[in-house]
Amino acid sequence: MLHTSYYVRTYKNVVGIYTSFMTQTIYTNCAVATMQHGEANYGLIPDATIVAKDGRIDWVGASADRPPEYKDWPEERLDGRLVTPALIDCHTHLVFSGNRAREFEQRLKGASYEEIARSGGGISSTVTATRSASFEQLVEESLPRLDALIRDGVAVVEIKSGYGLTIEDELRMLRVARHLDTLRPVKVVTTWLAAHSLPPDFADRADAYIDEIVIPGLSRAAEEGLVDAVDGFCESIGFSPAQIERVFKAAQSLSLPVKLHAEQLSDLKGSLLAARYSALSADHLEFLAEEDVPEFAAAGTVAVLLPGAFYMLKETKLPPMEALRQHGVDIAIATDCNPGSSPLSSILTAMTMSCIEFGLTPEEALSGTTRCAAKALGLSGQYGEIVAGARAELAVWDVGHPAELSYWMGGTPLYQRLATGALK
Ligand code: DI6
Ligand code: FE
């Protein structure tokens, strides 16, 4: 009755990603962490049943309360395992060629990330490698990173451009990202990040780069249906708030949502700019000033924390966690998978790191990779919660309690991913 569409290998066994083509399925004999908004304690239901119909959740609740109309439906028994919404990685740069291990060595010998970037290394070196790789090579190099995320129970992955920096090379990165979506049982959400770094042929002409590459390229990407959102790197080694604002205006005129790399290395008030444009998310935020949190919170913009970059760059300045919590800001966690500051392709590791570095609770870490990550991608109610109407995209774990998802380091306790034919 279940069709096995794809296998991944975990530390314990080979895990199936099962795509159910049944119009009706009941998952039962399991614990469920619904991660529903407003529910305490993970929305945990110890002896639960989930009813899926036509790829969506029709009903979830205690098995004892299962409504009689589902009585004769086919059942999948999950042997007491834990079911959560499938995980979401809402910030990655996973399409790129090569790696920057040598730069990592340089940093360990004392060079800073900014120094390396200013001397022509850093993002520029990945740009050179990515431009010279063929489409097929980019797919081949990116797939293992995507597969690693899938092994951790991920169903939705955001992928940014930003290592092409010409119109054609940026479009090509997004085409690779869209192609990856067709190769694996995941939904890929794409982001235009041409305002990532200034290529050498535009040295000292950042405004011209915005006018000649970033904005016209974005229109092309939108015409081709290659882009779901627009991002920028608002930093002294990236682009100024005024330059980013011009990109945001172009996004707005194309009805595309925006998001921003903000306050990673300094406080340029990018997060407030993002908030003014009702951004889906502002990401990094270590240097976000506490006094700016109320204005940020009022916009409903998600704070995406990226513990892999914090770790790799040995950052010490923490985001204003208490203020974010007090003002009810939704907090998401992502890998930031990229060759420079975060060569990380495990969302579970990002969750563990977020607990240790930023003091998140395991429950916040899980909402950060489910409900809040869905919100950061404009997918609220569709992914990231086990709630009637949402997609029946589920992860089944060999654990007794959801805190274990943040607790174990290395390996993945994923037992199974339950996917629906309706994922795409
Ligand atoms: N912030 C990041 O964390 C990545 N890009 C960005 O704007 C780093 C990209 C890289 O170093 O290759
Ligand atoms: Fe990033």
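Caption draft 1: Region of interest: the nonpolar core. L94, L180, W192 and W397 are the most contacted members of the largest nonpolar core, which has 101 residues in total. Grouped together as the second largest cluster of nonpolar side chains are 18 residues, V156, L306, A332 and L377 included.

Caption draft 2: Layout of the coordination of the iron ion (ligand 2). Looking at the iron ion (ligand 2), the protein donor atoms are H91 (NE2), H93 (NE2), H261 (NE2) and D336 (OD), and they sit 2.1 to 2.3 Å from it. Around the iron ion (ligand 2) sit 4 donor atoms; with metal-centred angles ranging over 81 to 167°, the donor geometry is irregular. Of note, the iron ion (ligand 2) draws all its donor residues from one chain, in the sequence arrangement H-x1-H-x167-H-x74-D. Here the residue H91 occupies a position in the loop between β8 (87-89) and α1 (101-108), and D336 occupies one in the loop between β15 (331-333) and α12 (347-358), the gap between them amounting to 245 residues. D336 matches H91 in its accessibility class, with the two residues each being buried.

Caption draft 3: Layout of the site of ligand 1. Around ligand 1, the surrounding shell holds 14 residues, and the nearest of these are R100, Y113, Y163, H196 and D336. Within the side chain of R100, a nitrogen or oxygen atom sits 2.8 Å from an oxygen atom of ligand 1. In the environment of ligand 1, an oxygen atom lies 3.3 Å from a nitrogen or oxygen atom belonging to the side chain of H284. Against a free-state accessible area of 320 Å², the protein chains account for coverage of 100% of ligand 1. Here the residues of the shell around ligand 1 are counted per class, giving 4 nonpolar, 8 polar and 2 charged.

Caption draft 4: Structural view of the packing of helix α6 (residues 206-223) against helix α7 (residues 241-253). At a minimum axis distance of 10 Å, the contact between α6 and α7 shows a crossing angle of 20°. Put simply, α6 runs roughly parallel to α7. Classified by chirality, the crossing of α7 by α6 is right-handed. Within the contact between the two elements, α6 uses A206, D207, I210, D211, V214, I215 and L218 and α7 uses Q243, R246, V247, A250 and A251.

What counts, and where the lines are drawn
- Residues numbered from 1 in each chain as written.
- Chains lettered and ligands numbered in written order.
- Predicted model: local features only at pLDDT ≥ 70, side-chain atom pairs only at ≥ 80, totals over all residues.
- Heavy atoms only, no water.
- Core = buried A, V, L, I, M, F, W, Y, C linked by side-chain atoms within 4.5 Å.
- Buried < 20%, exposed > 50% of the residue type's maximum accessible area, 1.4 Å probe, protein only.
- Donors = N, O, S within 2.8 Å, 3.2 Å for Na, K, Ca; no water.
- Tetrahedral: all angles 85-135°; square planar, octahedral: opposite > 155°, others 65-115°.
- Helix = DSSP H or I, 4+ residues; strand = E, 2+ residues; numbered from the N terminus.
- Near = heavy atom within 4 Å.
- Polar contact = N/O pair within 3.5 Å; in protein donor to acceptor, adjacent residues only side chain to side chain.
- Areas by Shrake-Rupley, 256 points an atom, 1.4 Å probe, with all protein chains shown as cover.
- Nonpolar A, V, L, I, M, F, W, Y, C, P; charged D, E, K, R; others polar.
- Axes fitted to C-alpha atoms, helices over the stretch in contact; angles between N-to-C directions.
- Parallel < 35°, antiparallel > 145°, perpendicular 65-115°, else oblique.
- Left-handed = near helix turned anticlockwise from the far one by under 90°.
- Contact = heavy atoms within 4.5 Å.

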